[in-house]
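# Results of the structural survey
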Amino acid sequence: MLINQAGAFTSTIVIGMSAGLLYDYYRAVRAAYKLRKIGTFIGDVVYWLVTTAMVFGMLLWGTWGELRLYVFIGIGLGALLYFHLFSRAAYRVFRLKFYIIHRTWALLLWTVHWLWMVVTYPVRLLLFSLSYPYRLLGSIVNKTGGGFKTAWYRLVGRRVERGLGGLRRRLSRLVFWRKKKDD
């Protein structure tokens with residue numbers, strides 16, 4: 001009987017330590033992803049749901065679902081022991097884990113980026129070599145664009161305007177172009 005109670009008390013201490021471990025993991029996630037207000041709120045809700053489910057399951061397994069004063073004392077004592085003995089080391093391990101994940105992801109993205117640059121380099125070089133003469137011609141035309149317009153108008157534009165004006169006058173003399181007046 002005493003051995004069963006000692007085992008149940010030990011399991012409540014383990015439950016408290018596990019809850020502390022989960023909290024340190026959540027702290028590391030929050031620090032790694034720099035969660036803001038809504039992210040922290042969602043993270044808190046998820047943490048408490050997971051912790052509640054874990055504590056409930058472990059209480060069913062370790063103490064057969066009995067809630068007595070020693071259960072709360074054991075959970076508190078386990079959390080206190082964890083935070084004084086193991087918290088700093090566990091938090092560093094979790095931060096290192098997220099740092100390694102971050103660096104691996106950055107290295108993967110960098111590798112994909114450079115592979116993409118190497119694969120598309122011939123296409124970009126071809127497009128640049130084909131578009132360079134067109135861009136050069138376009139810049140020359142843009143710089144002298146006003147002068148071309150003025151010269152074109154002086155050479156051709158006036159004559160075209162005069163010709164169109166004379167054509168309009170001749171067409172308006174025709175009978176079928178005039179509007180009929182109602183008597």
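Sequence order sets the numbering: in each chain, residues are counted from 1 along the sequence as written. Only residues with pLDDT of at least 70 are given local features in this predicted model, and only at 80 or more are side-chain atom pairs given and counted; all residues enter the totals for whole chains, interfaces and linings. Note: side-chain values were computed over all heavy atoms of the structure, leaving out hydrogens and water.

We now examine helix α3 (residues 69-85). Residues spaced three or four apart along an α-helix face the same direction, because each turn holds 3.6 residues. With 17 residues, α3 ought to run about 24 Å at 1.5 Å a step, and its terminal C-alpha atoms sit 24 Å apart, in line with that. Within α3, burial applies to Val71, Gly74, Gly78 and Tyr82. All buried residues of α3 project into a common sector of 65° when viewed along the axis, lining one side. Opposite the buried face of α3, by more than 90 degrees, sit the exposed residues Leu69, Phe72 and His84. Each helix corresponds to a stretch of at least 4 residues labelled H or I by DSSP, and each strand to a stretch of at least 2 residues labelled E; elements are numbered beginning at the N terminus. Here the expected span of a helix is defined as 1.5 Å times the quantity of residues minus one. Note on classification: 1.4 Å probe, protein chains only; a residue is buried when its accessible area is under 20% of the maximum for its type, exposed when over 50%, partly exposed between these limits. Of all possible arcs, the one meant is that of the directions from the helix axis to the C-beta atoms.

In this section: the pattern of salt bridges. One speaks of a salt bridge when a side-chain nitrogen belonging to Lys or Arg is within 4 Å of a carboxyl oxygen belonging to Asp or Glu. What the rule picks out here adds up to one salt bridge. With a closest N to O distance of 3.8 Å, Asp24 and Arg27 form a salt bridge. Of this pair, Asp24 and Arg27 both sit in helix α1 (residues 2-33), three residues apart, which is roughly one turn of the helix.

For the chain, mean pLDDT is 83; residues scoring 70 or higher make up 84% of the total. By definition, pLDDT measures how confident the predictor is in each residue, and it falls between 0 and 100. Averaged pLDDT values over the elements of the chain bottom out at 70 in helix α5 (residues 145-173) and peak at 92 in α3.

Let us now look at a nonpolar patch on the surface. A patch consists of residues exposed above 30% relative accessible area that lack any salt bridge, with like charges linked at up to 9 Å and nonpolar side chains (Val, Leu, Ile, Met, Phe, Trp, Tyr) linked at up to 5 Å. To measure how exposed things are, a 1.4 Å probe is used in the Shrake-Rupley method; for residues, cover is taken only from the protein chains shown. A surface patch of nonpolar side chains, amounting to about 680 Å² of accessible area, comprises Ile38, Phe41, Ile42, Val45, Val46, Leu49 and Val50. With respect to the helices, strands and loops of the structure, Val45 is situated in helix α2 (residues 37-63). Owing to a relative accessible area of 37%, Val45 belongs among the partly exposed residues under this scheme.

Judged by nonpolar contacts, Ala28, Tyr82, Ala90, Tyr91, Phe94 and Phe98 together constitute the single largest core of six residues. It is helix α4 (residues 87-143) that provides the largest number of residues to this core, a total of four residues. Filtering out sequence-adjacent residues up to four positions away, Tyr91 remains in contact with Asp24, Arg27, Ala28 and Ala31. We define a nonpolar core as any set of buried Ala, Val, Leu, Ile, Met, Phe, Trp, Tyr and Cys residues linked to one another through side-chain atoms lying within 4.5 Å. It only takes one pair of heavy atoms within 4.5 Å for two residues to be counted as in contact.

With 27 residues, α2 ought to run about 39 Å at 1.5 Å a step, and its terminal C-alpha atoms sit 37 Å apart, in line with that. Those residues of α2 that sit buried are Gly39, Gly43, Tyr47, Thr51, Val55, Leu59, Gly62 and Thr63. Elements in contact with the buried residues of α2: α1 and α3. Positive phi shows up at Trp64, right after α2, with a value of about 60°.

This part is about a positive patch on the surface. In this charge count, Lys and Arg are treated as positive and Asp and Glu as negative; neither His nor the chain ends contribute. A single reference atom marks each charge: NZ on Lys, CZ on Arg, CG on Asp, CD on Glu. A cluster of basic residues, Arg154, Arg158, Arg159 and Arg162, forms a positive patch on the protein surface. Structurally, the position occupied by Arg159 is in helix α5. Look at Arg159 and you get exposed, because its relative accessible area is 58%.

The next subject is the packing of aromatic side chains. Paired rings are identified among Phe, Tyr and Trp, the last through its six-membered ring, by centres lying within 6.5 Å, and are further divided according to the angle between planes into stacked (under 30 degrees), edge-to-face (over 60) and tilted (the rest). Under the counting rule described, the total for this entry stands at ten aromatic pairs. Taking 5.7 Å as the distance between ring centres and 15° as the angle between the ring planes, the aromatic pair formed by Tyr26 and Tyr47 counts as stacked. Of this pair, Tyr26 sits in helix α1 while Tyr47 sits in helix α2, and the two are 21 residues apart along the sequence. For the pair Tyr26 and Tyr47, one class covers both residues: buried. Aromatic pair Tyr33 and Phe98: ring centres 5.9 Å apart, planes at 75°, arrangement edge-to-face. Within this pair, whereas Tyr33 is found in helix α1, its partner Phe98 is found in helix α4, the two being separated by 65 residues in sequence. When its relative accessible area of 51% is taken as the criterion, Tyr33 is described as exposed.

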